[in-house]
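# Remarks on the overall topology
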Amino acid sequence: MGVTVSLDLDFAAAQTELADYDGRSHYSRPYVQSRVKRKAVTFESPKPKLGAFEAGAIRVFDVVSATLLLVALLPFLVLLAIALQIDSPGRLFFVQKRVGAGGKMFPCLKFRTMVENADEVFAARMAHCAESREEWARDFKLRDDPRVTRLGKAVRRLSLDEFPQLLNIIWGHMSVVGPRPIIRAEIERYGRFFPSYCAVKPGLTGLWQVSGRNDVSYHERVMLDVHYVQTKSLFTDLGIVIRTIPAVVSAQGSY
């Protein structure tokens with residue numbers, strides 16, 4: 001028995017969100033065309049085969065580990081926040097609506113690692129570089145993203161910008177391990193596998209992060225998420241957490 005998920009997908013809004021991957025929300029409209037204006041979707045999302053005790057244990061692990069990590073890293077995070085503000089004065093946090101468990105949207109937190117005028121910078125690149133337009137349409141990312149600040153490049157490479165998501169974990173939006181949270185515009189990329197994505201909470205880390213990250217194609221990323229849902233357990237999550245440490249240190253596939 002799965003979880004019933006009802007979505008009212010506004011692909012006109014998703015068109016904007018596609019460009020708003022880590023910046024503001026009103027640019028690149030000429031570059032991304034939406035095929036559908038509005039579409040209501042209802043489906044049954046498959047549930048991982050977890051018992052009540054194991055599901056509760058995972059939640060306890062999430063809250064305890066996120067809280068301890070947040071407290072332990074607080075002095076470093078304060079210094080990082082100061083450094084980011086010196087490098088690029090303005091908003092400290094970037095908050096964006098992402099798709100969570102059951103298809104519910106939630107505010108996903110990150111340190112801002114892009115320039116404040118990211119919209120103009122992105123629009124200029126898209127207007128003059130066909131290769132960048134093709135890369136964005138394929139991966140939803142740019143390997144050489146002109147919007148990223150000098151310090152932001154190092155912060156993103158080591159995934160330090162995602163530490164504010166420890167709060168998302170404590171608040172119950174996310175889990176330590178799970179699929180990376182996606183924006184609405186990416187739902188179509190998951191196709192018939194989207195119910196699997198909705199079956200669990202998005203994670204701070206996951207199979208994608210320990211399997212090459214951006215060196216992995218989007219289709220392979222989707223398949224990794226499906227496999228994770230089918231095999232999810234407390235021990236699987238612990239194994240991924242352990243594998244995350246060398247993956248972050250090596251920064252494989254991270255940019």
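My aim in this report is to walk through the structure given alongside it, one point at a time. The residue count restarts for each chain, going from 1 along the sequence in the order it is written. Local features in this predicted model are restricted to residues of pLDDT 70 or higher, and side-chain atom pairs are both shown and tallied only at a pLDDT of 80 or more, whereas totals for entire chains, interfaces and linings draw on every residue. Side-chain metrics in this entry use all non-hydrogen atoms of the structure; hydrogen atoms and water are not considered.

### Focus on the packing of aromatic side chains
Let me state the cut-off plainly: Planes of paired rings set the category: under 30 degrees apart is stacked, over 60 is edge-to-face and the rest tilted, where pairs are Phe, Tyr or Trp rings (Trp by its six-membered ring) whose centres lie within 6.5 Å. Note on criteria: charge over ring means Lys NZ or Arg CZ within 6 Å of the ring centre, with the direction from the centre no more than 35 degrees off the ring normal.
In this structure the tally under the stated criterion is 4 aromatic pairs. An aromatic cluster of three or more residues is present, and its members are Tyr190, Phe194, Tyr197 and Tyr218. Lying over the aromatic face of Tyr218, Arg189 brings its terminal NZ or CZ to 4.5 Å of the ring centre. One Lys or Arg, Arg221, reaches over the ring of Trp208 and ends 4.8 Å from the middle of that ring.

### Considering helix H9 (residues 218–231)
Worth spelling out the cut-off: Comment: elements are numbered from the N terminus, with helices defined as DSSP H or I runs of at least four residues and strands as E runs of at least two. To estimate how far a helix should reach, multiply one less than its number of residues by 1.5 Å. The buried label applies to any residue whose accessible area, calculated with a 1.4 Å probe on protein chains only, is under 20% of its type's maximum; exposed applies above 50%, and partly exposed to all values in between. Here a residue-residue contact requires only that any non-hydrogen atoms of the pair lie within 4.5 Å.
The first and last C-alpha atoms of H9 sit 20 Å apart over 14 residues, in line with the 20 Å expected at 1.5 Å per residue. Every buried residue of H9 is listed here: Tyr218, Arg221, Val222, Leu224, Asp225, Val226, Tyr228 and Val229. Where H9 is buried, its residues contact helix H4 (130–139), strand S5 (175–177), helix H7 (187–190), helix H8 (194–198) and helix H10 (234–250).

### Looking at the packing of helix H3 (residues 118–128) against H4
Applicable threshold: All axes are obtained by fitting lines to C-alpha atoms, using only the stretch in contact for helices, and the reported angles, taken between N-to-C directions, cover 0 to 180 degrees. The cut-offs work like this: below 35 degrees is roughly parallel, past 145 is roughly antiparallel, 65 to 115 is roughly perpendicular, and the gaps in between are oblique. Put simply, Ala, Val, Leu, Ile, Met, Phe, Trp, Tyr, Cys and Pro go in the nonpolar bin, Asp, Glu, Lys and Arg in the charged bin, and everything else, Gly too, in the polar bin.
Relative to each other, H3 and H4 sit at 110°, their axes nearing to 5 Å. Between H3 and H4, the angle is such that the two are roughly perpendicular. The residues of H4 that touch H3, namely those facing Phe122, Arg125, Met126, Ala127 and His128, are Ala130, Ser132, Arg133 and Trp136. In terms of residue class, the contact of H3 with H4 is built from 5 nonpolar, 2 polar and 2 charged.

### What about the side chain of Lys232?
The criterion, for reference: Two N or O atoms count as a polar contact when they lie within 3.5 Å, although within protein this holds only if one can serve as hydrogen donor and the other as acceptor, and sequence-adjacent residues are included solely when both atoms are side-chain atoms.
Here Lys232 shows up in the loop between H9 and H10. Looking at Lys232, its side chain comes within polar contact range of the side chain of Asp237, at 3.0 Å. Residues within four places of Lys232 in sequence aside, it is in contact with Pro48, Leu50, Ile58, Val177, Val200 and Asp237.

### Observations regarding the nonpolar core
For clarity, the threshold we go by: Buried Ala, Val, Leu, Ile, Met, Phe, Trp, Tyr and Cys residues form a nonpolar core when they are joined through side-chain atoms within 4.5 Å.
Core analysis: the biggest nonpolar cluster contains 28 residues, and Leu80, Phe111, Leu166, Ile169, Leu207, Tyr228 and Ile240 have the highest contact counts within it. The element contributing the most residues to this core is helix H2 (residues 52–87), with 5 residues. Ignoring anything within four residues of it in the chain, the contact list for Tyr228 reads Val177, Gly178, Pro179, Val200, Leu207, Asp237 and Ile240. Within the second largest apolar cluster, 11 residues are counted, among which are Tyr190, Phe194, Tyr218 and Val222.

### As for the environment of His219
Note on placement: His219 falls in helix H9. For the pair His219 and Asp139, spaced 80 residues apart in the sequence, the C-alpha separation amounts to 9.9 Å.

### So, the side chain of Asp62
The test is simple: Charged residues are defined here as Lys and Arg on the positive side and Asp and Glu on the negative side; His and the ends of the chain fall outside this count. The rule for a salt bridge is simple: a side-chain nitrogen of Lys or Arg has to be within 4 Å of a carboxyl oxygen of Asp or Glu.
By the secondary structure assignment, Asp62 is in helix H2. No salt bridge is formed by the buried Asp62; the nearest opposite charge belongs to Arg59, separated by 4.7 Å. Looking at Asp62, its side chain comes within polar contact range of the side chain of Ser175, at 2.6 Å. Those residues in contact with Asp62, other than ones at most four positions away along the chain, are Ile169, Met174, Ser175 and Val176.

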